[in-house]
Structure formats: C-alpha cells, structure tokens
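Given next are the chains, with one letter for each unit.
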Amino acid sequence: MATMASLFLKTPTPSPSLPKTQKTLFIPPLTFTLPSRPTSKTRLKARISCGLIEPDGGKLVELFVEQSHKDARKGQALGLPSIRLSTIDLQWVHVLSEGWASPLKGFMRESEFLQTLHFNSLRLGDGSVVNMSVPIVLAIDDSQKQRIGQESSVALLDDQNNPIAILKDIEIYKHNKEERIARTWGTTAPGLPYVEETITNAGNWLIGGDLEVIEPVKYNDGLDRFRLSPSELREEFTKRNADAVFAFQLRNPVHNGHALLMTDTRRRLLEMGYKNPILLLHPLGGYTKADDVPLSWRMKQHEKVLEDGVLDPETTVVSIFPSPMHYAGPTEVQWHAKARINAGANFYIVGRDPAGMGHPLEKRDLYDADHGKKVLSMAPGLERLSILPFRVAAYDKTQSKMAFFDPSRPQDFLFISGTKMRTLAKNRENPPDGFMCPGGWQVLVDYYESLTLSENGKVPVPVPA
C-alpha cells in the first residue's frame, strides 16, 4: 500500500505525480412520542441553509483521557481487576472512544441495553430520542465477575495485556443471549457469523459503565494513518466547504454500478440546490465474515477506483468505519446510518438488502430486500437524516456499461451478483467491459490468487495486500 500511503494522507499535500488541484482524502483511518416527520421539502430547505448536521445529543462524545492524566490512569489501571478484550471488543472500544455512538459514554448498562433491544433507540435526559439499534456491550464470565467483586471500576487490556481503558461506575447484569440474538437478528438459527464469533461462547454476564480510554486504538496494519474519527471527518468536510455530505457504506469492492449510484446522487443534490455536496465513501473496517474480501485488499481496490477516475477525487472522501459487522439487516442499517450522522453526513445512500446475508439454513435471503430502506425512513431518532434509496443498476449490454435498469427492455440488462463477481475473479475471467475499472478488477484477481491453503489443505487463508 506504499502508493496509497504516499498519495492519500490525513492532511493531503500536492504530489509530483498528481495535479495540484488534487484534493482527495483517502483514509483507511464516518423515546417514543416522536415528532411528526418533516416533509422532504421542509427538511431540504432547512439543510441547504445550514452547515454540517449536529451529532446525536448535540455534541460528539469522545472518551479519551487527557494527555496530562494518562500516566495516572495507567497507574490506576494496574491496581484494578482487569478484563482482556477480544479483537471485536477492542473494535467497539475504538467506536465508542471516537464518538461514533454519541451520546453513549461507554459499554451499555442494562437500561441502555434494554432500550436498544426493544426500541432501537435511547431516550436522553431532556426527553429527546436518538437512534441506537445494536447493543454495544462487553461480556464477562462467572470467574471474571467473581474477581471484580464489589469494585466500581475495571481495567480493560489489549492482547498484550497493556491497559488501554478504564470502565468506571460499572454495572453487571445478566447476558440473556437468546433474547439478544432474537431481537437483533430476528432469528436464533445457528450459523449467524457475528453470533458464532462473539456471543455463543461469551460469558453469561454483561458489564457496562463509563469508558475512559487511555490510549487510542491502533491496529498497526499499515492503515492506521488513514482512519479518521468523526471529529476529523467533520474538520475535513468543513475545510472543503461542504454544504451536504452523503454517505455510502460498503463492505465489498466498488464496481461501476456503485459509482453510477454515487455520481447520480451528487447530481441530484446539485439539482436540489446544494453547491458542494461531498461523498463520504466509508468502507467498514471492523469484523467481517470469512468469505468477505479483507479490508486491506478492499482499500487497495478503492484506491484504483479513484486513480482510474471512476469517482471524482475532488468531491470524495474515503475513510474506514471501525465498526464490526453484524449482518443484521434492517436492525443494523440503522446503526450504520446513525453513526454517519455523528460524522457529519446528512444524506445516507441505502440499497437492496443493506447489511443482509443469506439465511444460514435455507436457500433464501434472511431479510426482505426492501425492508432496510423502509425501516430507515421510519426509524426513531433518524428524522434528521435524509435517506436516498438506490435505483437499481445493472449491466446494459447495448451500451457496454453499468446503467440504471430500464424495465421496458429487461432483455438488454445483465445482473452480475456478488457471487458471480467472486467466481469470475477466482477463475481469472474478466467481467464484461465497463463493469469495473481494469485496475480495480486486477486487485480482486490478485486477492483470490493470494489465497493459500492452511495445513489441513481445506481452509483458504488470505495474504495481506
């Protein structure tokens, strides 16, 4: 990724190989009694005249210890009972610490957990409601609970046993796994990736409290410098004089159909009266299931998309969203949208079956393909966010390019599924011209070539990009 590192830094500088006008920011480091929902015209008039959308709760809640207090907190942590975090736990510390889940101040206590499960929202002290659809919780087992005893604080350790945070004013409560799974995924069928990775074998207790993060989470994967927090993204959007920010979440490589949707969205916003709408292309960087393309390869592919001019680098910010992926469909897509509000986005592009997956036992999708966008348009706490549903894009054989589907001539269109795309790349076969930029497609081919067999000869292991 040396090329990417030299071209796309947090504070971009002109490069001899690029025009001086290049401004791309490519960063792998975005209660019920509800008021009546404003009409789209009313919301539009309000937004055109104002700056970035306010974070949930009115301000970003960052949870870092001040530099002058770090040594004291490290010393304090050494004297506390400790919990060693899993990789996914650490990703949630990252999410919480930077304010993606604002106004949440730490791992959920029971009242927050129950509101999230039953209402997909949190009621704040002033009576207002913010969206919160997925539990952000920390599980412990019986022995850990016993060691904590009557202590009011615990230290959170990374995989090297370094203290990275303190959880204060703790509350320990029962981890009802079946209820959590059923309400988050709408099923308790075996085979849900996030469930098997983090819940099935987790402890029977949850511990919540206020989080004080001593050290910012770093992954040392060559991508840390490209990860921007919500406050850093807001600073970048302000620097670019953005009067609208539209976010596109993805966990897959970008093809020309995606690019068509994003460029068409900007065209529509300009027609609405905005002067400088900025795209936040925001690939998910936390846990993903084993058959998804790994983050380092996706970032390399996104770089090629920008290099080949498929997206306009002048109006695009690319950054990594640190959240783990649940594959919880309409429930999870609310979290994806809410987090982008905190990063400054006031428009969110949503497509077919967002955050969905195939049913783990049956040959069908787990969720209705249209429910995600419908739920977003009604979800409590997301009234301030404008939802932009996808138009269906497919490969137009008459034009040899991706285009919006025309139902009057269905015979002219070819739908290339993600499964078909992966099969072509694995077999080193090229897709139709115009489906994906050549450089981006080559990255995919290289990724599948990099897969090696583990010692048992069965499990493919990806080589880092």
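Coordinates for the structure precede this section.
Please read these numbers as outputs of a predicted model, since none were measured by experiment. Per-chain numbering applies: the sequence of each chain, read as written, is numbered from 1 onward. At least 70 in pLDDT is required for a residue's local features to be given in this predicted model, at least 80 for side-chain atom pairs to be given and counted, and no such filter applies to totals for whole chains, interfaces and linings, which use all residues. Only heavy atoms go into the side-chain values, all of them from the structure, while hydrogens and water stay out.

Things to note about the overall build of the protein chain
Counting its secondary structure elements, the protein chain contains 15 helices and 18 strands. Here the protein chain holds 465 residues, and the buried ones make up 54% of them. Going along the chain from the N terminus, every DSSP run of H or I of four or more residues is numbered as a helix, and every run of E of two or more is numbered as a strand. Partly exposed describes any residue whose relative accessible area lies between the buried limit of under 20% and the exposed limit of over 50%, with all areas from a 1.4 Å probe on protein chains only and scaled to the type maximum.

Side note on the environment of Leu228
Of note, Leu228 is situated in the loop between β8 (205-213) and α9 (230-239). Of the residues examined, Leu228 reaches a relative accessible area of 4% and is grouped as buried. Sequence separation between Leu228 and Ile320 is 92 residues; the distance between their C-alpha atoms is 7.1 Å.

Side note on the environment of Leu117
Checked against the element boundaries, Leu117 lands in helix α5 (residues 110-119). Taking the C-alpha atoms as reference, Leu117 lies 9.7 Å from Thr331; in sequence the two are 214 residues apart. In what follows, residue pairs with any heavy atoms lying within 4.5 Å of each other are defined as contacts. Not counting the four nearest positions on each side in its chain, Leu117 is found in contact with Pro135, Glu179, Arg180, Arg183 and Thr184.

As for the pattern of salt bridges
The term salt bridge refers to a side-chain nitrogen of Lys or Arg lying within 4 Å of a carboxyl oxygen of Asp or Glu. Tallied over the entire structure, the rule returns 25 salt bridges. Linking Glu236 and Arg240 is a salt bridge whose minimum nitrogen-to-oxygen distance equals 2.8 Å. The pair formed by Glu236 and Arg240 is uniform in burial state, with each residue classed as buried. With a shortest N-O distance of 2.9 Å, Asp291 and Lys289 are connected by a salt bridge. Asp291 sits in the partly exposed class, given a relative accessible area of 45%. Under the relative-accessibility criterion, Lys289 is labelled buried at 18%. Here the salt bridges do not stand alone but share partners, grouping Arg251, Lys289, Asp291 and Asp292 into one network.

What about empty space enclosed by the protein?
For cavity detection a 1 Å grid was placed over the protein atoms alone, and a set of points counts as a cavity when a 1.4 Å probe fits there but cannot get out; an open set counts as a pocket when protein lies on both sides within 12 Å along at least five of seven lines, with lining residues being those that have an atom within 4 Å of a point. Grid points are joined across faces, edges and corners, and a volume is the space filled by probe spheres set on the points. When its volume is computed, the second largest cavity comes out at roughly 40 Å³. Looking at the second largest cavity, the residues that line it are Leu261, Asp264, Thr265, Arg268, Ile349, Leu388, Pro389, Phe390, Arg391 and Phe404. Mapped by element, the contributors of at least two residues to the lining of the second largest cavity are α10 (256-272) and β13 (386-389). Ten residues, namely Ala, Val, Leu, Ile, Met, Phe, Trp, Tyr, Cys and Pro, are considered nonpolar, four, namely Asp, Glu, Lys and Arg, are considered charged, and the remaining ones, Gly among them, are considered polar. Classifying every residue of the lining of the second largest cavity gives six nonpolar, one polar and three charged.

Structural notes on the sheet that holds β8
The five strands are arranged β2-β6-β7-β8-β5 in an open sheet whose pairing can be described as mixed. Edge positions in the sheet fall to β2 (82-84) and β5 (139-140), since each of these pairs with one other strand and no more. Two strands make a pair as long as DSSP finds a minimum of two bridges between them. Here β2 pairs with strand β6 (residues 154-157) via three bridges, running parallel. The partner of Ser82 across the bridge, within β6, is Ala155. Fitted lines through C-alpha atoms give the axes, limited to the stretch in contact for helices. The angle between two N-to-C directions lies from 0 to 180 degrees. The strands that helix α4 (residues 87-98) touches are β6, β7 (163-174) and β8; relative to β8, the one it contacts most, it runs at about 50 degrees.

With respect to the nonpolar core
Note that soluble globular proteins tend to have their nonpolar side chains buried in a common cluster. Counting residues in each nonpolar core, the largest one holds 78 residues, and the members touching the most others are Ile136, Leu156 and Trp335. Throughout the structure description, domain borders are defined by an automatic or database domain assignment. Taken domain by domain, this core gets at least three of its residues from each of domain 1 (69-213) and domain 2 (224-456). Residues contacting Trp335, with those up to four places away along its chain left out, are Trp92, Val95, Trp100, Ala101, Asn131, Met132, Ser133, Val134, Ile136, Phe321 and Ser323. Residue types Ala, Val, Leu, Ile, Met, Phe, Trp, Tyr and Cys, when buried and joined through side-chain atoms within 4.5 Å, form a set referred to as a nonpolar core. Counting residues in hydrophobic clusters, the runner-up holds 19 residues, among them Ala259, Leu269, Leu279 and Leu388.

Here's the deal with the side chain of Arg340
You can see Arg340 is positioned in helix α12 (residues 329-342). For this count, His and the chain ends are skipped, Lys and Arg are scored as positive, and Asp and Glu as negative. Buried within the structure, Arg340 lacks any salt-bridge partner; its nearest side chain of opposite charge belongs to Glu332, at an N-O separation of 8.6 Å. A distance of 2.7 Å separates polar atoms of two side chains, one belonging to Arg340 and the other to His282. N or O atoms within 3.5 Å of each other form a polar contact, as long as, within protein, one can give a hydrogen and the other can take it, and as long as residues adjacent in sequence are counted only when both atoms are side-chain atoms.

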